[in-house]
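Chain and residue survey
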Amino acid sequence: MSNNIFPRWQRWLLLWSALGLALTGMGQMPIFSRYYIAALPGLGWLGNFRITAALHLALAAVFLFVLTAMAVAWLGTRARPRLPLSSGVRAGLLAGVAVTGLLRVLQNGTLPLFGAGTVRYLDWSHLGLAVALGLVAVFWRRPKARVA
Amino acid sequence: MNRRKFLLTLGTAGAALAAPGPAERLWARDAKPSDEPLATLFDLSKCEGCGACVDACHEAHQADYPEPEKPFPKMYPAKVKAEDFSASRDVDDRLTPYNWLYIQSATVKKDGRDLTLNIPRRCMHCTHPPCAELCPWGAAAVENNGTVRIDDTICLGGAKCRAVCPWHIPQRQTGVGLYRKLLPSFAGNGVMYKCDRCFARVAAGGVPACIEACPNNVQTIGPRSAIVAAAHALAQKTGGSIYGETENGGTNTLYVSPVPFATLDAAVAKGPGKPGLGQVADVMGSEANLAKSVLLAPVVGLAAGALRLVGKLGRKGEDDHVE
């Protein structure tokens, strides 16, 4: 079973880092202040772009570490369970979000691969893939995996 | 930059600034465009505050100013307010969506006497602009020549760029732009506007309108290394101070003033649309280490995954051997 391929701590770390990324990712848009969420006691930091951006990067490092470690474990396991379609879509969306996020970090740093007129497509792809991943995670339930 | 190249650049920049004729650009009109970002240098000792640059900016950008549709969409929640400058287009004592350049004045003491300095203010065009690097919608971006631009066709007017800019430069006009076609009442609030350093004019081989119109050659434009060298040469010659070289991790707008900028910062009027001249933190630089961690994380993850696999294979081999 896939649960035996991935240690429990990795699965929990992936889940919580992904949830944190979703929250801080939404925080990159000016919505928490507008809709009073940042006004709730203890949530003021959600309205601070510099805090949410720094947390987004920190969580992205954790997420990418776990995701690549899990990918290696998956690819290196002979008796892999057959993935249902919903899990395959999830994996594809996770990879897409990770790659577009990495490209954005490179764009801001030492390797700007996109021009001023095209960087928007990178941002829109990252946002669109993250929204799609959230929708799939919530509304497309996974059947139990079977061993091939 | 090696020593020879630095001295050559310094000499070129110094000669250009010392030349009796106009020194508005540090490269020939027909020169091959450099890969290096362009920067500008303001020699504040030359500015008389005549406002020719502000007028030229207005004239050059008439077609770029917003024409909002009224009434504005009703905003939810009600605390979200419209920002409307369309009825005050002539305001020229601060930055607005209709005024991308204005002149700050500061009267300070120098050598026991009053000295009034005029400081043209606009976007600093940072080398790592937080407005562009943190815009979640890709509306603000850095052009190859170092100009930071906001695309008014896709900007939603969330004003994050203004919040993260150390000088809070971009200004919002409600009632215009893409947000009206998406969720006008619930997301966005117009379009953000600021100086685009006359991108089209420069791309066509010209110089920004403010530089062309200045009767005193206050401003010079050229490759950043030449402009930085020219700023240092001028500051050394006049005993002046430099602003913009290292602020926010470095900008493409450098000022040289005969009095320290801390003194000017204390003397200028500050507030909405009126940026200061104080020390500012390097917004994107503070995230650089986290960004490195993000780039390193997949490599560490691959190594950790591979080590775990090798460990599992080793244990399996031992088990097989025991059997």
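Procedures and definitions
- Residues numbered from 1 in each chain as written.
- Chains lettered and ligands numbered in written order.
- Predicted model: local features only at pLDDT ≥ 70, side-chain atom pairs only at ≥ 80, totals over all residues.
- Helix = DSSP H or I, 4+ residues; strand = E, 2+ residues; numbered from the N terminus.
- Contact = placed C-beta atoms within 7 Å.
- Buried ≥ 20, exposed ≤ 12 C-beta atoms within 10 Å, placed from the backbone.
- Axes fitted to C-alpha atoms, helices over the stretch in contact; angles between N-to-C directions.
- Parallel < 35°, antiparallel > 145°, perpendicular 65-115°, else oblique.
- Left-handed = near helix turned anticlockwise from the far one by under 90°.
- Nonpolar A, V, L, I, M, F, W, Y, C, P; charged D, E, K, R; others polar.
- Core = buried A, V, L, I, M, F, W, Y, C linked by C-beta atoms within 7 Å.
- Pairing = 2+ DSSP bridges.
- Expected span 1.5 Å × (residues − 1).
- Arc of directions from axis to C-beta.
- pLDDT = per-residue confidence, 0-100.

**Thoughts on the overall build of chain A**
Counting its regular elements, chain A contains 5 helices and 2 strands. Helices and strands in chain A line up, N terminus first, as α-α-α-β-α-α-β. The dimensions of chain A, computed from C-alpha atoms along their principal axes, are 50 × 40 × 25 Å. Sequence separation of at least 24 residues holds for 77% of the intrachain contacts in chain A that already meet a minimum separation of 6.

**Some words on the overall build of chain B**
Scanning chain B for helices and strands turns up 9 helices and 10 strands. Evaluated residue by residue, chain B yields a buried proportion of 43% over its 323 residues. The contacts in chain B between residues at least 6 apart in sequence include a share of 67% that link residues at least 24 apart.

**Digging into the interface of chain A and chain B**
Opposite the 34 residues of chain A that make contact, chain B presents 36 residues. Within the residue set of the side of chain A that touches chain B, elements represented by two or more residues are α3 (49–75), α4 (85–108) and α5 (119–139) of chain A. Counting residues per element, the side of chain A that touches chain B draws most heavily on α3 of chain A, at 17 residues.

**Remarks on the packing of helix α2 (residues 8–26) of chain A against α3 of chain A**
Residues and elements named next belong to chain A. Close contact between α2 and α3 brings their axes to 9 Å; oriented N to C, the two are set at 150°. Put simply, α2 runs roughly antiparallel to α3. The way α2 lies across α3 gives a crossing that is left-handed. Of the residues in α3, those touching α2 at Gln 10, Leu 13, Leu 14, Ser 17, Ala 18, Gly 20, Leu 21, Thr 24 and Gly 25 are Thr 52, Leu 55, His 56, Leu 59, Ala 60, Val 62, Phe 63, Val 66, Leu 67, Ala 69 and Met 70. Looking at the contact of α2 with α3 residue by residue, the classes come out as 13 nonpolar, 7 polar and no charged.

**Let's talk about the nonpolar core**
In terms of nonpolar packing, the biggest core is built from 102 residues, with Phe 63 and Leu 64 of chain A together with Cys 131, Ala 140, Cys 161 and Ile 227 of chain B touching the most fellow members. Among the elements that line this core, the one with the most residues is α3 of chain A, at 16 residues. In contact with Phe 63 of chain A, other than residues within four places in its own chain, are Leu 14, Ser 17, Ala 18 and Leu 21 of chain A.

**A short note on the sheet that holds strand β9 (residues 241–243) of chain B**
Residue and element names in this part refer to chain B. Across the sheet, which stays open at both edges, the 4 strands sit in the order β8-β1-β10-β9 with mixed pairing between neighbours. On the outer flanks of this sheet lie β8 (219–223) and β9, each paired with one strand and no other. Averaged over all pairs of adjacent strands, the angle between strand axes in this sheet comes to 25°, irrespective of strand direction. In the sheet, β9 pairs with strand β10 (residues 253–257) via 3 bridges, with the strands oriented antiparallel. Paired with Ser 241 across the bridge in β10 is Ser 257.

**What to know about α5 of chain A**
For α5 of chain A, spanning 21 residues, the distance from its first C-alpha to its last is 30 Å, which sits close to the expected 30 Å at 1.5 Å a residue. Turning to α5 of chain A, its buried residues number three or more, namely Val 119, Asp 123, His 126, Leu 129 and Ala 130 of chain A. Relative to the axis of α5 of chain A, the buried residues are bounded by an arc of 135° and lie together on one face. Seen from the open side of α5 of chain A, the exposed residues pointing more than 90 degrees away from its buried face are Leu 135 and Phe 139 of chain A. In the core, the buried residues of α5 of chain A are packed alongside α2 and α4 of chain A together with β4 (140–142) of chain B.

**Describing unusual backbone geometry**
Residues and elements named next belong to chain B. With an omega of 0°, the peptide bond running from Lys 70 to Pro 71 counts as cis. Relative to the assigned elements, Pro 71 resides in the loop between α2 (52–60) and β2 (102–110). Residues Tyr 76 and Pro 77 are joined by a peptide bond in cis, for which omega reads -10°. Position of Pro 77 relative to the elements: it lies in the loop between α2 and β2. One non-glycine residue, Cys 198, lies in positive phi territory at about 50°.

**Quick look at the confidence of the model for chain A**
Across chain A, the average pLDDT comes to 91, with 95% of residues at 70 or higher. Looking across chain A, the model is least confident in strand β2 (residues 146–147) of chain A, with a mean pLDDT of 51, and most confident in α5 of chain A, with 96.

**Examining the environment of Arg 8 of chain A**
Structurally, Arg 8 of chain A can be placed in helix α2. Residues Arg 8 of chain A and Arg 78 of chain A lie 70 residues apart in sequence; the distance between their C-alpha atoms is 20 Å.

**A short note on the environment of Asp 196 of chain B**
Residues and elements named next belong to chain B. Following the sequence through the fold, Asp 196 ends up in the loop between β7 (191–193) and α5 (199–203). Distance from Asp 196 to Asp 151, taken between C-alpha atoms, is 9.9 Å for residues 45 residues apart in sequence. Contact partners of Asp 196, with chain neighbours within four places excluded, come to Thr 147 and Arg 149.

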